[in-house]
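The primary structure of each chain is shown beneath.
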Amino acid sequence: MNNRKVTRRDFLDGVAVTAVGAAAAMALPGTAQAVPGTSHGHGHGHGRPSAPYPPTATGLRGQQPGAYDVAHAVRDGAFAPGRISDTRESYDLVVVGGGLSGLAAAHLYRKHAGPRARVLILDALDDFGGHARRNEFHVGRTQLLSNGGTVNIDTPSTWSRGARDLLTKDLGVDLKALEATVKGDAYAPYSLRSGTLFNSERWGKDQLVIRESGESWASYATRLPMSEASRAALVRLYTTTEDFYPGLTDAQKKETLARTPYEAYLREKLGLDDDALEIVKRGTNGLWGVNVDHVAAADAWATGQPGFGGLGLAHTPWPGAGLTPLMHLAETEDDGNFYFPEGNASLARLLVSKLVPQAFDERRPDWREIVTAKADYSRLDDRDNHVRIRLGSTAFHVRNDGRHAAVVDYSKGGRSYRVRTKGVVMACWNSVSSYVVPELPAEQVTAMRYGTKVPLVYARVALRDWRAFARARVSRVSTPSMFFSSFGLPTVTDIGDFTMPHRPELPTVVSLSATPGSPGLICREQHKAGRRTLIRMPFEDFEREIRDSMTRSLGDHGFDPARDITAITVNRWAHGYAYEYNSLDDPALYQPESQRPYAKARRPVGRIAIANSDAEAFGYTHAAFDAAIRAVTHLL
């Protein structure tokens, strides 16, 4: 593996209730009969009953089965809350959504209102952090970590001052020191390369074709199982120096590319046919969740996709540029590989350690220690906390109550509850807010439902060892004609007390990614189709796809899934990253920001403010932080 920049996306029920859990569900949240300092929930250590530890849970995770049954019922007008029990809890702030935006909003509010401000965070999932999810495995005595969602701290030179201060000052993250924890040369002794699996259903037989280190495209293409014309088109794609728009100015070229789908550009200008396109069509998935058919060619150019070598384009913006391309154009030499082994779950955990210090052994771990710090989930909703994090809780009705207060009704464990507060930050998805905040104007409701979350899957597979990779001499395998786009070995980090194992005889965790859609439709409709696909897939289907991809690729090199795989976690994000506008589908991108749906959607209503990265139409950590800053500023 090399030192290339890590990109963000480098890519329901049936649980038995225990006796303790059933008893706890009968009591109001926060009012269990316990001595001071104990929790009403499950716990571990300190004399508490054992609590679930979500990071080590395997199987179907992310937006796990059952997590959004209440939200879907509210959407469909089918939710019956029954009797709503008044908890008699009163807060300075209630945050709906415990992802990075919600956690940041809680932190920023207390930073200004004071450490004694009382805050309640509600989240429908069984873990905090939203898409910033930690996956933790134990193979024998070896601990393995991986991100279950948000990958890294991307391009911090472009962050707002407030977001950067939150990261570096409030959370204390030393970016240069963090970058030094990434060991880009860890696999160097094994001379690993990249490979592509040509599967039998599409190409006639299963064949793993490996590109040697430094090998030219002209040489590599000779081994690809396709026609000479297809091979020549791929070589041309990666080596072209032709200007396909002679006589046009830089601005005119970019205007043309902004209106041209990247696939059309590849076919018309570079001559790619179906076979050649099959190999490169998913190159845009990691950033937008769609294939090359519905990404603007201009956006593809700005983010480093091939085929533009002869256009001589200036490294400058253009009307209709997407936010991710603009971020890439603005990056500086100071931007590098700012990556935690568990992804940005480390940032979520750092925020929680500030909000609920006793959740981490009654002390606040720093950015190095947070990676191995064990969270005590039984302490998150302790009634003695100034900040309480209540998981498995879905808000279904949020409303203003006079000029200086609000009421939040939520469902937990099949029962309905009510809390009162001086203000609310809706840090959940815009679409959810549009259904649970009845005071929103019709125009704002429409704006909130405009964007469609990007569906995606991050699967993580714990292996006893990676000898098969070493025998094949590959670190990553692309699988362009199968469900998952690729799989590969982890980035190696050495931080605090954690070191990712990187010798072939040691355990490791393999990452796979998929962004299902329906090519040919506009992006928002593709995302809806992909969401339906993910919701219908049981864990067994994901597992079968994982085993199939890896066995076909590495079976000849000794890989045996029954022997080598010890655990699988499938992080299913049917509602994944925030929808990002593009010049092919979103005319509002050519309008002032105030006229775009996401800007209209984030307008506060009384004591209810809007956060989440949806409010920025930009699925990055700093966008979540910026949204939190805006929402809290309104309430203070």
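Computed from a predicted model, the values in this text were never measured in an experiment. (Residues numbered from 1 in each chain as written. Predicted model: local features only at pLDDT ≥ 70, side-chain atom pairs only at ≥ 80, totals over all residues. Heavy atoms only, no water.)

1. What about the overall build of the chain?
Looking only at helices and strands, the chain has 23 helices and 21 strands in total. Taken over the C-alpha trace, the chain has a radius of gyration of 25 Å; the compact-globule value for 636 residues is 26 Å, and the two agree within 12%. Referenced to the eigenvectors of the C-alpha coordinate spread, the extents of the chain come out at roughly 75 × 55 × 45 Å. Carbon together with sulfur atoms contributes 49% to the accessible area of the chain, which is approximately 24400 Å² in total. Side chains of the chain carry 77 positive and 71 negative charges; the gap between the two charge centres is 4 Å. (Helix = DSSP H or I, 4+ residues; strand = E, 2+ residues; numbered from the N terminus. Rg over C-alpha atoms; globule rule 2.2 N^0.38 Å. Areas by Shrake-Rupley, 256 points an atom, 1.4 Å probe, with all protein chains shown as cover. Lys, Arg positive; Asp, Glu negative; His and termini not counted. Charge placed at Lys NZ, Arg CZ, Asp CG, Glu CD.)

2. Comments concerning the sheet that holds strand S16 (residues 486–488)
As summarised here, the arrangement of the eight strands in space is S1-S20-S14-S19-S16-S15-S7-S8, forming an open sheet in which the pairing is mixed. Each edge of the open sheet is held by one strand with a lone partner, namely strand S1 (59–62) and strand S8 (207–211). On average, adjacent strands in this sheet sit at an angle of 20 degrees to one another, irrespective of strand direction. Relative to strand S20 (residues 565–577), strand S14 (residues 454–463) runs antiparallel, the two sharing nine bridges. Across the sheet, residue Val-454 finds its bridge partner in S20, namely Tyr-577. In this fold helix H20 (residues 539–554) packs onto S1, strand S7 (193–198), S8, S14, strand S15 (474–478), S16, strand S19 (508–514) and S20, with an angle of close to 120 degrees to the strand it touches most, S20. (Pairing = 2+ DSSP bridges. Axes fitted to C-alpha atoms, helices over the stretch in contact; angles between N-to-C directions. Contact = heavy atoms within 4.5 Å.)

3. Thoughts on the packing of helix H3 (residues 100–113) against helix H23 (residues 621–635)
How two helices pack is summed up by the angle between their axes together with the distance between the axes. Relative orientation of the contacting elements H3 and H23 amounts to 40 degrees, with a least axis distance of 8 Å. Classified by the angle their axes make, H3 and H23 are oblique. Considering only the axes of H3 and H23, their crossing is right-handed. Between H3 and H23, the residues in contact are Leu-100, Ser-101, Ala-104, Ala-105, Leu-108 and Tyr-109 and Thr-621, Ala-624, Phe-625, Ala-627, Ala-628, Ile-629 and Val-632, respectively. Per-class residue counts for the contact of H3 with H23 are eleven nonpolar, two polar and no charged. (Parallel < 35°, antiparallel > 145°, perpendicular 65-115°, else oblique. Left-handed = near helix turned anticlockwise from the far one by under 90°. Nonpolar A, V, L, I, M, F, W, Y, C, P; charged D, E, K, R; others polar.)

4. As for the pattern of salt bridges
Considering all chains together, one arrives at 44 salt bridges under this definition. Put simply, Arg-544 and Asp-541 hold a salt bridge, and the shortest N to O gap is 2.6 Å. Linking Arg-544 with Asp-541, this pair stays in helix H20, spanning three residues, or about one helical turn. Within the structure, one salt-bridge network assembled from shared partners comprises Glu-89, Asp-381, Arg-388 and Arg-390. (Salt bridge = Lys/Arg side-chain N within 4 Å of Asp/Glu carboxyl O.)

5. Quick notes on the side chain of Lys-254
In this fold, Lys-254 is placed in helix H9 (residues 250–258). The buried category is assigned to Lys-254, whose relative accessible area is 2%. Reaching out from Lys-254, the side chain makes a polar contact with the side chain of Asp-250 at a distance of 2.9 Å. Among all residues touching Lys-254, those that are not within four sequence positions of it are Ala-298, Trp-301, Leu-313, Ala-314, Thr-316, Pro-317 and Trp-318. (Buried < 20%, exposed > 50% of the residue type's maximum accessible area, 1.4 Å probe, protein only. Polar contact = N/O pair within 3.5 Å; in protein donor to acceptor, adjacent residues only side chain to side chain.)

6. Details of the pairing of strand S12 (residues 415–421)
Taken together, the five bridges between strand S2 (residues 84–91) and S12 define a ladder with parallel strand orientation. Counterpart to Ile-84 in the pairing with S12 is Ser-416. Judged from the seven bridges that link them, strand S11 (residues 406–412) and S12 form a sheet pairing that is antiparallel. Within S12, the residue paired with Lys-412 across the bridge is Arg-415. In this antiparallel pair of consecutive strands, S11 and S12, the connection spans two residues, and Gly-413 shows a positive phi of 60 degrees.

7. A short note on the nonpolar core
In terms of nonpolar packing, the biggest core is built from 105 residues, with Val-173 and Phe-469 touching the most fellow members. With near-sequence residues (within four places) excluded, Phe-469 lies in contact with Leu-192, Leu-463, Val-474, Ser-475, Phe-487, Leu-489, Val-510, Met-550 and Leu-554. Ranked by size, the runner-up nonpolar core spans 43 residues in total, among them Ala-71, Leu-122, Ala-124 and Val-398. (Core = buried A, V, L, I, M, F, W, Y, C linked by side-chain atoms within 4.5 Å.)

8. Here's the deal with the sheet that holds strand S21 (residues 608–610)
The sheet built from five strands is open, its strands ordered S9-S4-S3-S13-S21 with parallel pairing. In this open sheet, the two strands that pair with only one neighbour each are strand S9 (387–390) and S21. Strand-to-strand twist of the sheet, defined as the mean angle between neighbouring strand axes without regard to direction, takes the value 15 degrees. Strands strand S3 (93–96), strand S13 (424–426) and S21 of the sheet are contacted by H23, whose axis makes an angle of about 160 degrees with S21.

9. Some remarks on helix H19 (residues 523–536)
Over its 14 residues, H19 runs 20 Å from end to end, which matches the ideal 20 Å to within 8%, given 1.5 Å per residue. Listed as buried for H19 are Cys-523, Arg-524, Gln-526, His-527, Ala-529, Gly-530, Arg-531 and Leu-534. Against the buried residues of H19 lie helix H12 (285–288), S14, H20 and S20. (Expected span 1.5 Å × (residues − 1).)

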